Amino acid sequence: MAHFIKLNVLDLGHDNTENNTNRKYIPNLINLDMVINIEPSVVHSLIFTKNNLIHPIRVKESLDEILKMSKCCK
């Protein structure tokens with residue numbers, strides 16, 4: 001059974017804006033069974049999955065927030 005958490009993923013069109021402070025986030029379900037690694041970044045947390053090792057998924061939530069949400073999935 002898959003274990004999902006709802007995270008706010010950075011919109012893929014964010015690079016097309018002139019002002020990077022105008023970030024848009026889209027709520028997405030992330031399958032924790034597919035996650036290889038999660039790392040902190042300056043602004044986002046970076047999620048590396050089995051299908052996405054080169055370009056990680058950037059999410060708004062911190063590592064602590066993600067960990068807290070993941071414990072609800074047991």
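Above this text is the structure in question.
Quick caveat: nothing in here was measured; it's all calculated off a predicted structure.

S.K.: It is not clear to me how the overall build of the protein should be interpreted in this structure. Could you clarify?
M.R.: Each helix and strand in the protein was counted, giving 1 helix and 5 strands. Within the span of the protein, comprising 74 residues, buried residues form 26% of the whole. Sequence separation of 24 or more characterises 38% of the internal contacts of the protein that already satisfy a separation of 6 or more. Counting every atom, the protein has about 5,600 Å² of accessible surface; 54% of that belongs to carbon and sulfur.

S.K.: Where do I start with the pairing of strand β5 (residues 52–59) in this structure?
M.R.: Within a regular beta strand, the side chains point alternately toward one face of the sheet and then the other, so they alternate between its two faces. Note that strand β4 (residues 45–49) and β5 share 4 bridges and pair antiparallel. Bridge pairing links L46 to R58 in β5. The antiparallel pairing of β4 with β5 creates a hairpin that spans 2 residues between the two strands.

The rules behind each value
Within every chain, residues take consecutive numbers counted from 1 along the sequence as written. Note on the predicted model: pLDDT of at least 70 is required for a residue's local features to be given, and 80 or more for side-chain atom pairs to be given and counted; whole-chain, interface and lining totals, by contrast, use all residues. Based on all heavy atoms of the structure, the side-chain values leave hydrogens and waters out of the count. Each helix is a run of DSSP H or I of at least 4 residues and each strand a run of E of at least 2, with the numbering of both proceeding from the N terminus. Buried residues are those whose accessible area, probed at 1.4 Å on protein chains only, stays under 20% of the maximum for their type, while exposed residues exceed 50% and partly exposed ones sit between those limits. Two residues form a contact once any of their heavy atoms are found within 4.5 Å. What sets the accessible areas is the Shrake-Rupley method with a 1.4 Å probe; for residues, cover comes only from the shown protein chains. Strand pairing requires that DSSP identify at least two bridges connecting the strands.

Bear in mind that shape data such as this cannot, by itself, settle questions of function.
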